[in-house]
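Coordinate inspection notes
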Amino acid sequence: MRAAVMGSPIAHSLSPCLHRAAYAAMGLAGWSYEAIECDEAALPETLRRLRPVRGESPGEGDDGDAWAGLSLTMPLKRAVLPLLDTVTEPVTEVGGANTVVFRDGAAHGYNTDVHGVRQALTEAGVPAPGSATVLGGGATAASALAALRGLGLRSATLLVRDPARATETTEAAERLGVALAVETFDKLDAALEVDLVVSTLPGGAADAYAGALAGVPALFDVVYSPWPTRAASAVRAAGGTVVGGFAMLLHQAVRQVELMTGRTDVPVETMRAAGEAEILRRTTRTD
């Protein structure tokens, strides 16, 4: 069986390391997992080549290879939606799928990012927040809102550079039943009187706000490399709780392995150790 992570750029993805570690520990000797460079324009044709044809055996593709599923990263999470046969409720609510499972001659869409966020917060001992602010308005922000709604949150603040570009996330909040106040970053200080801040900004983008963030009780920063970020270090130094992006990545990958293999005996700690070792290798290697 074959599986892969697709997106653009994809060379940096940690998913192959995580999934391969799981396959090895689970004794899935015939399984492979690769990284495929694919942008939005190439997605329809790429998915057509990989997906099963209706009426064929589950996972059997045009080239005779058996494809179990795909992990999707940016910019494909929203672009894939019209290409799927079925989607689960979290996909509909969030407006994005990060997982495709080939089964019964069809392509089924799932969102495991929501699970990843919730598990990361729970693992770190972060209590269900009564208030929260989310930095950034992309697909991950929508998943974070869904996870927080699952923890009981019914309102939040979203900070973005351009509110016009956060339309899909605000629409997701409406579907989720989360009352969302959208503000720009010049309102940052006023938006930090909350129990939890979730930064979905890319690596380095939140560095400029490290000083302001230092006083928050808890920060969930989705960046996992380089780690810790300046924002995470500032919060930790001030005594706050910090959750890093690797925990989210790990737990969403665990759920993907469950969905693709149909098994529940996924070796979480083996995957964690493999991912942490790979991050360390990338951090310390020299050219």
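Per chain, residues are indexed from 1 in the order of the written sequence. A pLDDT threshold of at least 70 governs which residues receive local features in this predicted model, and a stricter bar of 80 or more applies before side-chain atom pairs are shown or counted, although totals over entire chains, interfaces and linings include all residues. Water and hydrogen atoms play no part in the side-chain values, which are based on all heavy atoms of the structure.

Attention now moves to the pairing of strand β1 (residues 2–7). For the exposure calls, accessible area comes from a 1.4 Å probe over protein chains only, and a residue counts as buried if that area is under 20% of its type's maximum, exposed if over 50%, partly exposed in between. Note on conventions: DSSP H or I runs of at least 4 residues are helices, E runs of at least 2 residues are strands, and numbering of each starts at the N terminus. Among the six residues that make up β1, five are buried, leaving the element largely enclosed by the rest of the structure. Inspection of the sheet shows β1 paired to strand β2 (residues 32–37) by six bridges, in the parallel sense. Of the residues in β2, the one forming a bridge with V5 is A35. Handedness of the crossover joining β1 and β2 through helix α1 (residues 15–25) is recorded here as right-handed. Any two strands with at least two DSSP bridges between them are considered paired. In the sheet, β1 pairs with strand β3 (residues 67–72) via five bridges, with the strands oriented parallel. Bridging from a neighbouring strand, V5 pairs with S71 of β3. A clockwise path from the first strand over the helix to the second, with the strands pointing away from the viewer, defines a right-handed crossover.

Here a Phe, Tyr or Trp ring, Trp counted by its six-membered ring, pairs with any other such ring whose centre lies within 6.5 Å, and the pair is stacked when the planes are under 30 degrees apart, edge-to-face when over 60, and tilted otherwise. Going through the model one piece at a time under the given rule, you end up with three aromatic pairs. Through pairs of rings, three or more aromatic residues link up here, namely Y23, W31 and Y33. Just above the ring of F185 sits the side chain of R161; from NZ or CZ to the centre is 5.4 Å. Charges are assigned to positions over rings by a cutoff of 6 Å between ring centre and Lys NZ or Arg CZ, combined with an angular limit of 35 degrees from the ring normal.

It is worth spelling out the layout of surface pockets at this point. Grid spacing is 1 Å over the protein atoms alone, the probe is 1.4 Å, and a cavity is where that probe fits but cannot get out, while a pocket is an open set with protein on both sides within 12 Å along at least five of seven lines and lining residues have an atom within 4 Å of a point. Grid points are joined across faces, edges and corners, and a volume is the space filled by probe spheres set on the points. If you add up the space inside the largest pocket, you get close to 1300 Å³. Lining the largest pocket are 44 residues, and of these M74, T140, T200, P202 and V222 sit closest to its centre. Only β3, α5 (139–150), α9 (245–261) and α10 (268–284) provide two or more residues apiece to the lining of the largest pocket. Taken together, the residues of the lining of the largest pocket break down into 19 nonpolar, 17 polar and eight charged. Three classes are used: nonpolar for Ala, Val, Leu, Ile, Met, Phe, Trp, Tyr, Cys and Pro, charged for Asp, Glu, Lys and Arg, and polar for all others, with Gly counted as polar.

Attention shifts here to α5. For a helix, the expected span equals 1.5 Å multiplied by the residue count minus one. In this model α5 runs 17 Å from its N-terminal to its C-terminal C-alpha over 12 residues, within 8% of the 16 Å that 1.5 Å per residue would give. Every buried residue of α5 is listed here: A139, T140, A141, A142, S143, A144, L145, A146, A147 and L148. Downstream of α5 by one or two residues, G152 has phi in the positive range, about 105°.

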